[in-house]
Amino acid sequence: MSFYFKDEVLPYYGGGVDAARDLKGNDFMYWEVMRRAVEKGCKVFDYGRSKIGTGSYRFKKHWGFEPEPLFYEIDLVAAKQIPEINPLNPKYQLFIAAWKKLPLPVSQWLGPWLAKDLG
């Protein structure tokens, strides 16, 4: 699913089965998004935000996208500093590894309860 506005395209969501990875299905899918966008006259490709060190960041670098810093505006109400709630934060690595081993029904039951306090 991609969104178009004037001369810009924003690929919002794409999905595929595991077997598509071996066939480089994601590469083909994004190639087609770009090819079709060019046909429509698009000049701006907004592939969204990515944190340095993530798979999506590496994917975009591989395709030749140049990083462009984007800034957040944050209003700290009660906190003294911005919380570092980020899956790349080393203090979350043990929790993430344990979470991946949970049975799906347990994670579906527990997830919403935990997520309510993340932001």
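Anything mentioned here points back to the structure above.
Note that the structure is predicted; figures quoted are calculated from it, not measured.

J.: Looking at this structure, I do not really get the environment of glutamate 32. What am I missing?
T.: Checked against the element boundaries, glutamate 32 lands in helix H2 (residues 25-39). The class of glutamate 32 is buried, set by a relative accessible area of 15%. Separated by twelve residues in sequence, glutamate 32 and alanine 20 have C-alpha atoms that sit 15 Å apart. Side chain to side chain, glutamate 32 and arginine 35 meet in a polar contact 2.7 Å long.

J.: Explain the pairing of strand E1 (residues 2-5) here, please?
T.: Consecutive side chains of a regular strand alternate in pointing toward one face of the sheet and then the other. Looking at chain direction, E1 and strand E2 (residues 8-11) are connected through four bridges and run antiparallel. Among the inter-strand pairings, phenylalanine 3 is bridged to a residue of E2, identified as leucine 10. Count of turn residues in the E1/E2 antiparallel hairpin: two residues, of which lysine 6 carries a positive phi of about 50°.

J.: Sorry, what's going on with the sheet that holds E2 here?
T.: Strand pairing in a sheet relies on backbone hydrogen bonds. The paired strands run either parallel or antiparallel. Taken together, the three strands give an open sheet; going across it, the order is E1-E2-E3, and neighbouring strands pair in mixed fashion. Each having just a single partner strand, E1 and strand E3 (44-45) make up the two edges of the open sheet. Note that E2 and E3 share two bridges and pair parallel. The partner of glutamate 8 across the bridge, within E3, is valine 44. Relative to E2, H2 is tilted by about 160°, and along the sheet it contacts E1, E2 and E3.

J.: Even after reading the chapter, I still don't get the packing of aromatic side chains, so can you show me in this structure?
T.: Ring pairs (aromatic) are described by centroid distance and by the angle formed between their planes. By the definition in use, this model includes seven aromatic pairs. Look at phenylalanine 3 and tyrosine 12: their rings are 5.3 Å apart centre to centre, the planes differ by 65°, and that puts the pair in the edge-to-face class. Overall, the relative accessible area of 41% leaves phenylalanine 3 in the partly exposed class. Tyrosine 12 gets classed as exposed once you look at its relative accessible area, which sits at 56%. Residues tyrosine 30 and tyrosine 47 carry aromatic rings whose centres are separated by 5.4 Å and whose planes lie at 45° to one another, so their mutual orientation is tilted. Of the two residues, tyrosine 30 is situated in helix H2 and tyrosine 47 in the loop between E3 and helix H3 (55-62); the sequence distance between them amounts to 17 residues. Pairwise contacts between aromatic rings join Tyr30, Trp31, Tyr47, Phe59, Trp63 and Phe65 into one cluster.

Thresholds applied
- Residues numbered from 1 in each chain as written.
- Predicted model: local features only at pLDDT ≥ 70, side-chain atom pairs only at ≥ 80, totals over all residues.
- Heavy atoms only, no water.
- Helix = DSSP H or I, 4+ residues; strand = E, 2+ residues; numbered from the N terminus.
- Buried < 20%, exposed > 50% of the residue type's maximum accessible area, 1.4 Å probe, protein only.
- Polar contact = N/O pair within 3.5 Å; in protein donor to acceptor, adjacent residues only side chain to side chain.
- Pairing = 2+ DSSP bridges.
- Contact = heavy atoms within 4.5 Å.
- Axes fitted to C-alpha atoms, helices over the stretch in contact; angles between N-to-C directions.
- Phe/Tyr/Trp six-rings, centres within 6.5 Å; stacked < 30°, edge-to-face > 60°.

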